Amino acid sequence: MKRILILLVMMSAAATAQVAAVPSLAQTFGPYFPVGAAVGPDDTTGPHAEILKRHFNSIVAENDMKWARIHPAESTFEFSRADALAAFARTNHMRMRGHTLAWHRQNPEWLFQDANGNPLQPTAENKALVLSRLEKHIRSVVGRYRDDVYAWDVVNEVIDPGQPDGFRRSPWYLLTGTDYIDTAFRTAREVAPNAKLFINDYDTTDPVKRQFLFNLVRDLKRRGVPLDGVGHQMHVNIDCPPVADFVETVNLFVQLGVDQQVTELDMSLYHDSQDSYPRPYPVALDRQAARYRELFDALRQMKGKITGVTFWGVADDHTWRSSRTRTDWPLLFDNQTQPKAAFWAVVGAAQPAASTRNPGQ
Ligand code: XIL
């Protein structure tokens with residue numbers, strides 16, 4: 001009996017040691033940048049919350065601060081979900097990023113309609129109308145989270161390299177030209193003077209796209225529009241873009257003296273939109289780990305140039321990269337919230353021999 005008891009005590013000590021042996025992401029990168037994750041209220045309890053508290057010191061709402069969620073009707077704000085996330089960040093001494101104020105997706109219909117529900121046509125009056133809607137929205141949302149959000153994605157995905165002038169033909173653009181960009185930054189600065197204000201986009205390693213983005217940021221800064229930083233979403237895959245291209249992009253924007261963050265990092269296991277696997281296979285997971293290692297080695301080497309790295313999710317059991325038709329595994333923790341090979345690669349530690357690779361996925 002006594003022997004069994006001793007054995008049990010030893011086993012539980014070993015289990016504790018095993019847990020403690022997993023290095024914390026946030027601590028590992030403490031000298032470099034905060035490590036964030038995109039979350040919703042479901043992530044604030046259960047296994048995801050445990051991962052967040054141990055490994056992350058920053059969060060961003062995956063959807064709950066987007067216009068359609070937080071401002072669904074002209075005189076209706078739905079703050080409860082975003083409030084819950086802000087409270088979680090406060091309780092756990094995490095930073096919070098804000099995402100996002102002006103975007104072409106996840107908007108409520110009323111935003112670009114007149115009082116009768118008809119689409120707004122591009123006229124001077126309608127331009128003034130949507131700019132005043134934008135201003136009111138920013139005053140309310142940024143004002144409410146003034147003490148919680150330290151960095152805002154003020155405008156999101158405004159560049160379209162397929163356009164001759166590089167500007168996405170979003171409803172914002174069609175109704176206001178590029179004035180919505182100025183209005184969004186100026187209003188956000190006025191309401192939250194201490195927040196870092198970002199322009200955020202994907203594919204910023206694409207040479208044509210990044211040049212349009214560079215020109216826009218340079219122009220905004222020259223004209224005194226209060227912009228502090230550039231966010232690189234970094235929804236990448238196990239093939240591309242090359243890490244060297246990302247380094248080149250960061251070094252390009254360093255010339256403009258802006259803050260830079262990786263804002264939505266995840267790495268699909270798929271090469272293209274046609275592939276589909278029932279489960280992640282070891283070669284792809286190893287490739288993912290190697291690419292994540294390369295990326296984080298580069299991030300370490302660029303110390304001082306990158307002021308935040310946020311993953312677009314906590315663990316593979318909840319990721320926007322998975323759809324109804326195929327499952328993806330783009331993050332550092334698996335479906336059971338266990339650290340993957342990619343996790344060990346990122347923290348620069350050997351994967352413990354005992355840990356199985358993505359058990360049960
Ligand atoms: C995604 C969310 O993850 C999904 O849940 C939602 O259905 C669509 O939006 N770029 C962005 C993010 O800036 O807001 C997007 O988030 C992913 C792409």
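Just so it is clear, the model here is predicted, and its values are computed rather than measured. (Residues numbered from 1 in each chain as written. Predicted model: local features only at pLDDT ≥ 70, side-chain atom pairs only at ≥ 80, totals over all residues. Heavy atoms only, no water.)

### With respect to the overall build of the protein chain
So, point 1. Of regular secondary structure, the protein chain possesses 12 helices and nine strands.
So, point 2. In terms of overall size, the protein chain behaves like a compact globule, its C-alpha atoms giving a radius of gyration of 22 Å where 361 residues would be expected to give roughly 21 Å.
So, point 3. In terms of overall dimensions, the protein chain has a C-alpha envelope of 85 × 40 × 40 Å along the principal axes.
So, point 4. Within the span of the protein chain, comprising 361 residues, buried residues form 53% of the whole.
So, point 5. Look at the contacts in the protein chain between residues 6 or more apart in sequence, and 75% of them connect residues 24 or more apart.
So, point 6. One way to put it: in the protein chain the 40 positive side-chain charges average out to a point 5 Å from where the 41 negative ones average out. (Helix = DSSP H or I, 4+ residues; strand = E, 2+ residues; numbered from the N terminus. Rg over C-alpha atoms; globule rule 2.2 N^0.38 Å. Buried < 20%, exposed > 50% of the residue type's maximum accessible area, 1.4 Å probe, protein only. Contact = heavy atoms within 4.5 Å. Lys, Arg positive; Asp, Glu negative; His and termini not counted. Charge placed at Lys NZ, Arg CZ, Asp CG, Glu CD.)

### Concerning the packing of helix α9 (residues 207-222) against helix α10 (residues 243-254)
So, point 1. Two elements in contact, α9 and α10, have axes separated by 11 Å at closest approach and are oriented at 15 degrees. Taken as axis vectors, α9 and α10 run roughly parallel relative to one another. When the axes of α9 and α10 are compared, the crossing they make is right-handed. Where α9 abuts α10, its residues Arg 210, Leu 213, Phe 214 and Val 217 lie against Asp 245, Glu 248, Thr 249, Leu 252 and Phe 253.
So, point 2. Each residue belonging to the contact of α9 with α10 can be placed in one class, and the counts come to five nonpolar, one polar and three charged. (Axes fitted to C-alpha atoms, helices over the stretch in contact; angles between N-to-C directions. Parallel < 35°, antiparallel > 145°, perpendicular 65-115°, else oblique. Left-handed = near helix turned anticlockwise from the far one by under 90°. Nonpolar A, V, L, I, M, F, W, Y, C, P; charged D, E, K, R; others polar.)

### Side note on the site of the ligand
So, point 1. Around the ligand there are 14 residues in total, and Glu 62, Lys 66, His 99, Glu 264 and Trp 312 lie nearest to it.
So, point 2. Contact distances for the ligand include 2.9 Å between an oxygen atom and a side-chain N or O atom of Asn 156.
So, point 3. Relative to its unbound accessible surface of 420 Å², the ligand loses 84% to contact with the protein. (Near = heavy atom within 4 Å. Polar contact = N/O pair within 3.5 Å; in protein donor to acceptor, adjacent residues only side chain to side chain. Areas by Shrake-Rupley, 256 points an atom, 1.4 Å probe, with all protein chains shown as cover.)

### Remarks on the packing of aromatic side chains
So, point 1. Scanning all chains against the criterion turns up 22 aromatic pairs.
So, point 2. Considering the side-chain rings of Trp 67 and Trp 172, the 5.8 Å spacing of their centres and the 45 degrees angle between planes classify their relative orientation as tilted. With Trp 67 in helix α4 (residues 67-70) and Trp 172 in helix α7 (residues 171-176), the pair connects residues that are 105 residues apart, well separated along the chain. Just as Trp 67 is buried, Trp 172 falls in that class too.
So, point 3. Residues Tyr 277 and Tyr 281 carry aromatic rings whose centres are separated by 4.9 Å and whose planes lie at 75 degrees to one another, so their mutual orientation is edge-to-face.
So, point 4. A relative accessible area of 15% means that Tyr 277 is categorised as buried.
So, point 5. Here the aromatic residues Phe 29, Tyr 32, Phe 33, Phe 56, Tyr 292, Phe 296, Phe 311, Phe 333, Phe 343 and Trp 344 are joined through ring pairs into a cluster of three or more.
So, point 6. One cation-aromatic arrangement involves Arg 97 over Phe 198; the distance from NZ or CZ to the ring centre is 5.1 Å.
So, point 7. Seen from the ring of Tyr 270, Arg 326 lies directly overhead, with NZ or CZ sitting 4.0 Å from the centre. (Phe/Tyr/Trp six-rings, centres within 6.5 Å; stacked < 30°, edge-to-face > 60°. Lys NZ or Arg CZ within 6 Å of the ring centre and 35° of its normal.)

### Brief notes about the pattern of salt bridges
So, point 1. Overall, the coordinates contain 20 salt bridges when judged by the stated rule.
So, point 2. Of the charged contacts in the structure, one is a salt bridge between Asp 153 and Arg 97, with a shortest N-O distance of 2.9 Å. Highlighted residues: Asp 153 in strand β4 (residues 149-156) and Arg 97 in strand β3 (residues 95-102), separated in sequence by 56 residues. Assigned by exposure class, Asp 153 and Arg 97 land together as buried. (Salt bridge = Lys/Arg side-chain N within 4 Å of Asp/Glu carboxyl O.)

### A closer look at the nonpolar core
So, point 1. Counting residues in each nonpolar core, the largest one holds 106 residues, and the members touching the most others are Leu 25, Trp 152, Tyr 180, Ile 199, Phe 296, Leu 299 and Phe 311.
So, point 2. At eight residues, the largest contribution of residues to this core is made by helix α11 (residues 282-301).
So, point 3. Residue contacts for Leu 299: discarding those within four places in its chain leaves Phe 33, Phe 246, Val 262, Ile 306 and Val 309. (Core = buried A, V, L, I, M, F, W, Y, C linked by side-chain atoms within 4.5 Å.)

### Some details on the pairing of strand β2 (residues 58-61)
So, point 1. Residues Ser 58 and Val 60 line one face of β2 and the alternating positions Ile 59 and Ala 61 line the opposite face, and both faces are buried.
So, point 2. Once you follow strand β1 (residues 35-39) into helix α3 (residues 46-55) and on to β2, the crossover reads as right-handed. (Right-handed = clockwise from strand over helix to strand, strands pointing away.)

### Regarding the pairing of strand β6 (residues 229-232)
So, point 1. A two-sided burial pattern is seen for β6, the buried positions comprising Gly 229 and Gly 231 on one face and Val 230 and His 232 on the other.
So, point 2. Pairing analysis gives four bridges linking strand β5 (residues 196-201) to β6, with the strands arranged parallel. Paired with Asp 201 across the bridge in β6 is His 232.
So, point 3. Between β5 and its parallel partner β6, the chain crosses via α9, and the hand of that crossover is right-handed.
So, point 4. Pairing between β6 and strand β8 (residues 259-268): four bridges, direction parallel. Residue pairing for β8: Gly 229 is matched across the bridge by Asp 259. (Pairing = 2+ DSSP bridges.)

### Focus on the confidence of the model for the protein chain
So, point 1. Residues at a pLDDT of 70 or more form 92% of the protein chain, whose mean pLDDT is 94.
So, point 2. Segment residues 7-19 is flagged for pLDDT under 50; beyond a separation of four residues in sequence, or across chains, it makes one contact in the model. (pLDDT = per-residue confidence, 0-100.)

### Digging into α11
So, point 1. In a regular helix each residue adds 1.5 Å, so 20 residues correspond to 28 Å; α11 covers 28 Å between its end C-alpha atoms and thus fits that length.
So, point 2. Of the positions making up α11, those classed as buried are Ala 284, Leu 285, Gln 288, Ala 289, Arg 291, Tyr 292, Leu 295, Phe 296, Ala 298 and Leu 299.
So, point 3. Buried residues in α11 make contact with β7 (235-237), α10, β8, β9 (309-311) and α12 (341-347). (Expected span 1.5 Å × (residues − 1).)

### Describing empty space enclosed by the protein
So, point 1. In total, this model carries three cavities of 30 Å³ or more according to the counting rule given.
So, point 2. In this structure, the largest cavity spans a volume of roughly 60 Å³.
So, point 3. Met 234, Val 236, Pro 241, Pro 242, Val 243, Phe 246, Met 267, Arg 291 and Leu 295 are the residues that line the largest cavity.
So, point 4. If you list the elements that add at least two residues to the lining of the largest cavity, you get α10 and α11. (1 Å grid on protein atoms, 1.4 Å probe; cavity = no way out; pocket = protein on both sides within 12 Å on 5 of 7 lines; lining within 4 Å. Points joined across faces, edges and corners; volume = space filled by probe spheres on them.)

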